[in-house]
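Working through the structure, step by step
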Amino acid sequence: MISAVDQKAKTFTIAGKENSRVFKITDKTVVTKAGAPATMKDIVANEEVRGSYWKMSDQTLEAKTVKLGPKTDAEKAADETRKKKTEAAAEASPSASPTP
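Before going into details, it helps to say that this report is about the structure given with it.

Conventions used here
- Residues numbered from 1 in each chain as written.
- Predicted model: local features only at pLDDT ≥ 70, side-chain atom pairs only at ≥ 80, totals over all residues.
- Heavy atoms only, no water.
- Pairing = 2+ DSSP bridges.
- Helix = DSSP H or I, 4+ residues; strand = E, 2+ residues; numbered from the N terminus.
- Phe/Tyr/Trp six-rings, centres within 6.5 Å; stacked < 30°, edge-to-face > 60°.
- Buried < 20%, exposed > 50% of the residue type's maximum accessible area, 1.4 Å probe, protein only.

A closer look at the pairing of strand β6 (residues 49-55)
- Bridge analysis of β6 against strand β7 (residues 61-68) gives seven bridges, and the strand direction is antiparallel. Looking at the pairing, Ser52 lines up with Thr65 of β7.
- Counting the residues in the hairpin turn of β6 and β7 gives five residues, including Gln59, whose phi is positive at 75 degrees.

Some thoughts on the packing of aromatic side chains
- In the structure shown here, the tally under the stated rule is two aromatic pairs.
- Between the aromatic rings of Phe12 and Phe23, the centroid separation amounts to 5.5 Å while the plane-to-plane angle is 25 degrees, which identifies the pairing as stacked. Linking Phe12 in strand β2 (residues 11-15) with Phe23 in strand β3 (residues 20-24), this pair joins segments that are 11 residues apart in sequence.
- Look at Phe12 and you get buried, because its relative accessible area is 3%.
- Note on Phe23: relative accessible area 5%, which makes it buried.
- Seen in terms of ring centroids, Phe23 and Tyr53 are 5.2 Å apart; in terms of plane orientation they differ by 65 degrees. Their pairing is edge-to-face. With a gap of 30 residues between them, Phe23 in strand β3 and Tyr53 in strand β6 connect regions that are remote in the sequence.
- For Tyr53, a relative accessible area of 38% corresponds to the partly exposed category.

Given below as structure tokens:
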């Protein structure tokens, strides 16, 4: 959940249990909302957010992808498919047993 946005600095903050993290939006950042392209102006406080980022050498966090809003049905379906494949793989692989 986004706790703060600084449109001028092109950053947004996520409040965590231990500490907050500030993410910088750059020209390389891909921002989407409900699967459609979005911009920095679409990033607002109290919005669900997920994505990926790079940790820079100066310890700042640069957003790689930013997905605004709740997960889409397609993302939920992909998560379920991934979960089922993982479970099936775990069941199919024999457990390791020590050799005598």
